[in-house]
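Here is what each chain is made of, one letter per residue.
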Amino acid sequence: MIKKMKERHSIWIRIFHWTNMIAIIMLILTGFYIHAPQSFKLFSSMDTARTIHFAMAYVLTFGVIGRVYYAIVAKDAKNIVYRPIEDTKKLPSMLKYYLFLADDHPYYGKYNPGQKGMYTAWLVMAILMIITGFILYKPHLFLGLSGLLGGFLVVRIIHYAINWLFVITIMVHVYLDIAEGIPFLKSMFTGKIPEDFHHGYHEES
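So, a few notes on the structure that sits alongside this text. Per-chain numbering applies: the sequence of each chain, read as written, is numbered from 1 onward. This being a predicted model, a pLDDT of at least 70 is required before a residue's local features are given, and a value of 80 or more before pairs of side-chain atoms are given or counted; all residues contribute to the totals for chains, interfaces and linings. The side-chain values count all of the structure's non-hydrogen atoms but skip hydrogen atoms and water molecules.

## Here we look at the layout of surface pockets
The volume enclosed by the largest pocket comes to roughly 980 Å³. Lining the largest pocket are 36 residues, and of these His17, Asn20, Arg67, Tyr119 and Trp122 lie nearest its centre. Starting at the N terminus, helices and strands are each numbered in turn, a helix being any DSSP run of H or I of at least four residues and a strand any DSSP run of E of at least two. Elements that contribute at least two residues to the lining of the largest pocket include exactly α1 (11-35), α2 (46-73), α3 (77-80), α5 (113-137), α7 (152-180) and α8 (182-190). For the lining of the largest pocket, the leading source of residues is α1, giving eight residues. Any residue outside Ala, Val, Leu, Ile, Met, Phe, Trp, Tyr, Cys, Pro, Asp, Glu, Lys and Arg is labelled polar, Gly included; the first ten of those are nonpolar and the last four are charged. Looking at the lining of the largest pocket residue by residue, the classes come out as 26 nonpolar, seven polar and three charged. We place a 1 Å grid over just the protein atoms. Points where a 1.4 Å probe fits but has no way out form a cavity, open points with protein on both sides within 12 Å along at least 5 of 7 lines form a pocket, and any residue with an atom within 4 Å of a point lines it. Grid points are joined across faces, edges and corners, and a volume is the space filled by probe spheres set on the points. Of the voids in this model, the second largest pocket is the one considered here, and its volume is about 600 Å³. When contributions to the lining of the second largest pocket are tallied by element, the ones reaching two or more residues are α1, α2, α5 and α7. It is α1 that contributes the most residues to the lining of the second largest pocket, seven residues altogether. By residue class, the composition of the lining of the second largest pocket is 16 nonpolar, six polar and two charged.

## Quick word on the environment of Thr190
Note that Thr190 resides in helix α8. With 182 residues separating them in the primary sequence, Thr190 and Arg8 have C-alpha atoms 9.0 Å apart.

## Brief notes about the packing of aromatic side chains
Any Phe, Tyr or Trp ring, taking Trp's six-membered ring, that has another such ring centre within 6.5 Å forms a pair; planes under 30 degrees apart are called stacked, those over 60 apart edge-to-face, and the others tilted. Summed over all chains, the structure comprises 13 aromatic pairs. Aromatic side chains Tyr119 and Trp122 sit 5.9 Å apart centroid to centroid with 45° between the ring planes, which places their arrangement in the tilted category. Taken together, the residues Tyr119 and Trp122, both in helix α5 and three residues apart, mark about one turn of the helix. Partly exposed describes any residue whose relative accessible area lies between the buried limit of under 20% and the exposed limit of over 50%, with all areas from a 1.4 Å probe on protein chains only and scaled to the type maximum. Look at Tyr119 and you get buried, because its relative accessible area is 18%. Each member of the aromatic cluster is reached from another via a ring pair, and the members are Phe54, Tyr58, Phe134 and Tyr137. For the cation-ring pair, Lys138 lies above Tyr137, with the distance from its terminal atom to the ring centre recorded as 5.1 Å. Should the NZ of a Lys or the CZ of an Arg lie within 6 Å of a ring centre and within 35 degrees of the ring normal, that charge is described as sitting over the ring.

This is the structure we're talking about:
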């Protein structure tokens, strides 16, 4: 029997998701190499790593702009933007489920509050990564902005710290998606999910 499917992710959401994901992963890997080439022997040379790093910086910049634009025009922002008052109230029930203290959790909508918090944090982190990255890339063009942030050393520290935050949150993101169920993972490739797949036993007020 063939299961009836419904759309979960539009083609544009999937394009932006995979484009930004590839860009972030490559930025992380090349960033580690640029920071410590002797410890992270991932590329043939510093020139190769830097070229890929700068190219992916532009890909991420346009990817973030595109995703924000789509979220606005397609009215998708409500699904991914964390609402401090409303979503914070829902965190306890979500944490109970992921800490194996509950067998199920309420239905939160397309994404649970943890996922929404992560997506919102990623937007802020991506913007900071782009800003600090371009300061480090073209320091003579952003002397004033660098000064506002505390100088080049502080900018470098911020850039490196955000890199690690991406590493940690990406691992958490993968875990959350796996915990939600394989259909959720497959939907980011196919765009569809079975109509009868429901995770959550009621709408939480």
